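Structural features, examined
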Amino acid sequence: MPFDRRRFLASALAAAPALPLLGALPRPALARAVPAAGPVPGLYRFKVGTFEVTSINDGMLSLTLDQFPAADHAGAEALLQRAFHTPAGIPTAVNAYLVNTGDRLVLIDTGTATAMGPSLGKVGANLKAAGIDPADVDLVVLTHMHPDHANGLIDPAGAAVFGKAELAVAEVEYAFWTDDGILTQAPAGVQPFFHMARAAAKPYAGRLSRFGKEAEIVPGIRVLAAPGHTPGHSMVEVTSGTDRLLIWGDIVHAASLQFAKPDWAINFDVDQQAAIASRKRVLDQVAADRVLIAGAHLAFPGIGHVGRAGEGYEFVPAFWQS
């Protein structure tokens, strides 16, 4: 039977329930709620074998394109536009990671505390929201001693936040930041980094251990050298059963730029050529081996994989696990 538009409309109208006149329509009930006082805790838990890993957000800060001196501005602006960023405001997260092995609580990096402004310094509050007392942390591992990774070791009075934890840092890293000769030769704008690194480590002097280029510091947690950003910049490999996670510290600072262009170093790199070499090596390895990675400066929770894309790479965030 051919479609009869008039018959269809007439049938539909006949089947519709009777409606009140327009003027008699009831007023909708409006739900009114007080806006939340702030964001929910920056926490994300996931499993690596039998280990429980918690990504902890410390906040975020903005970078600028001028901080990547080798970047081609036209190409960089195209990449930033694709990521909905601007040259004057490239957002980057600051993340720390807590690993519960079942026997030990191991915190990798500590955030900024009060060192870098009000948009950061949330690791302490987020640990509390996760039900973690700093006194329960057994070991703190620093990927390096920049203030966005180490300053959370101390409170505003300079006392240790983690009352019983051992502190582990690369031997080369510790030697660099505590060398008076290097300090006196450093530019004036860089010298505060030396003072902050020393102040952060000072209350842990009696429980400080220093590791070499590669070492298993507790069963299932191994440190691996990735120098360049700082002389002793390190990554932390977490292995449980057949699962593996590489917490790579500061291999990437600006995801919108450095995956596509790994030879664009940031001006914070102590040795830019070594940092580029480490970044290329690590990106190539994790892409080839399909290793799950976690980045201190990837958008929270900072977990995902790296794939090859043309002459560069791309970040593929891990799917949220509830």
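The coordinates are above.
Okay, so let's go over this structure. (Residues numbered from 1 in each chain as written. Predicted model: local features only at pLDDT ≥ 70, side-chain atom pairs only at ≥ 80, totals over all residues. Heavy atoms only, no water.)

**Structural notes on the overall build of the protein chain**
Looking only at helices and strands, the protein chain has nine helices and 14 strands in total. A compact globule built from 322 residues should have a C-alpha radius of gyration of about 20 Å, whereas the protein chain, at 25 Å, is more than 25% larger. Along the first, second and third principal axes, the C-alpha atoms of the protein chain reach 90 × 45 × 45 Å. Counting over 322 residues, the protein chain shows a buried share of 44%. Taking the intrachain contacts of the protein chain between residues at least 6 apart in sequence as the baseline, contacts between residues at least 24 apart amount to 68%. Accessible surface, the protein chain as shown: approximately 16700 Å² in total, 58% of it carbon and sulfur. (Helix = DSSP H or I, 4+ residues; strand = E, 2+ residues; numbered from the N terminus. Rg over C-alpha atoms; globule rule 2.2 N^0.38 Å. Buried < 20%, exposed > 50% of the residue type's maximum accessible area, 1.4 Å probe, protein only. Contact = heavy atoms within 4.5 Å. Areas by Shrake-Rupley, 256 points an atom, 1.4 Å probe, with all protein chains shown as cover.)

**Focus on the nonpolar core**
Judged by nonpolar contacts, the single largest core of 31 residues is most densely connected at Leu-107, Val-140, Leu-142, Met-145, Leu-153, Phe-162 and Leu-167. The residues contacting Leu-167, other than those within four sequence positions of it, are Val-140, Leu-142, Leu-153, Ala-201, Tyr-204, Arg-207, Leu-208 and Ser-209. (Core = buried A, V, L, I, M, F, W, Y, C linked by side-chain atoms within 4.5 Å.)

**Some words on the side chain of Ser-234**
Tracing the chain through its elements places Ser-234 in strand β10 (residues 234-240). One polar contact links the side chain of Ser-234 to the main-chain carbonyl oxygen of Gly-232, over a distance of 2.9 Å. With sequence-adjacent residues up to four places away left out, Ser-234 is seen in contact with Thr-143, Ala-170, Phe-211, Leu-224 and Ala-226. (Polar contact = N/O pair within 3.5 Å; in protein donor to acceptor, adjacent residues only side chain to side chain.)

**A look at unusual backbone geometry**
With an omega dihedral of 10 degrees, the bond running from Phe-300 to Pro-301 counts as a cis peptide bond. Checked against the element boundaries, Pro-301 lands in the loop between β12 (292-294) and β13 (303-309). Phi is positive for Ala-113, which is not a glycine, with a value near 55 degrees. With respect to the element layout, Ala-113 can be found in the loop between β4 (105-108) and α3 (123-129). Take Ala-113: its relative accessible area is 23%, and that puts it in the partly exposed class. For Arg-290, which is not a glycine, the phi torsion comes out positive at approximately 60 degrees.

**Quick look at the sheet that holds strand β8 (residues 214-218)**
With mixed pairing, seven strands are arranged side by side in an open sheet as β8-β9-β10-β11-β12-β13-β14. In this open sheet, the two edge strands, each paired with only one partner strand, are β8 and β14 (312-317). When strand polarity is set aside, the average angle formed by the axes of neighbouring strands in this sheet is 35 degrees. Taken together, the six bridges between β13 and β14 define a ladder with antiparallel strand orientation. (Pairing = 2+ DSSP bridges. Axes fitted to C-alpha atoms, helices over the stretch in contact; angles between N-to-C directions.)

**Focus on the pairing of β4**
Across the two faces of β4 the burial is the same, with Leu-105 and Leu-107 and Val-106 and Ile-108 all buried. Direction of pairing for strand β3 (residues 90-100) relative to β4: antiparallel, over a ladder of four bridges. The residue of β4 that forms the bridge with Tyr-97 is Ile-108. In the classification by handedness, the crossover that spans β4, the intervening α3 and the parallel strand β5 (residues 139-141) is right-handed. (Right-handed = clockwise from strand over helix to strand, strands pointing away.)

**Brief notes about the sheet that holds β3**
The seven strands are arranged β1-β2-β3-β4-β5-β6-β7 in an open sheet whose pairing can be described as mixed. Edge positions in the sheet fall to β1 (43-48) and β7 (208-211), since each of these pairs with one other strand and no more. Mean inter-strand twist for the sheet, computed between neighbouring axes without regard to direction, equals 25 degrees. The pairing of strand β2 (residues 51-63) with β3 spans 11 bridges and is classified as antiparallel. By the bridge assignment, Gly-59 is partnered in β3 with Val-94.

**Observations concerning the environment of Val-53**
Following the sequence through the fold, Val-53 ends up in strand β2. C-alpha separation for the pair Val-53 and Val-238, spaced 185 residues apart in sequence, amounts to 9.4 Å.

**Regarding helix α2 (residues 73-82)**
Listing the buried residues of α2 in full gives Ala-76, Leu-79 and Leu-80. Around the axis of α2, the buried residues are gathered within 100 degrees of arc, so they sit on the same side. Residues of α2 that are exposed and angled more than 90 degrees away from the buried face: Ala-74, Gln-81 and Arg-82. Packed against the buried residues of α2 are β3 and α8 (255-258). Once α2 ends, the next one or two residues include Phe-84, with phi positive near 65 degrees. (Arc of directions from axis to C-beta.)

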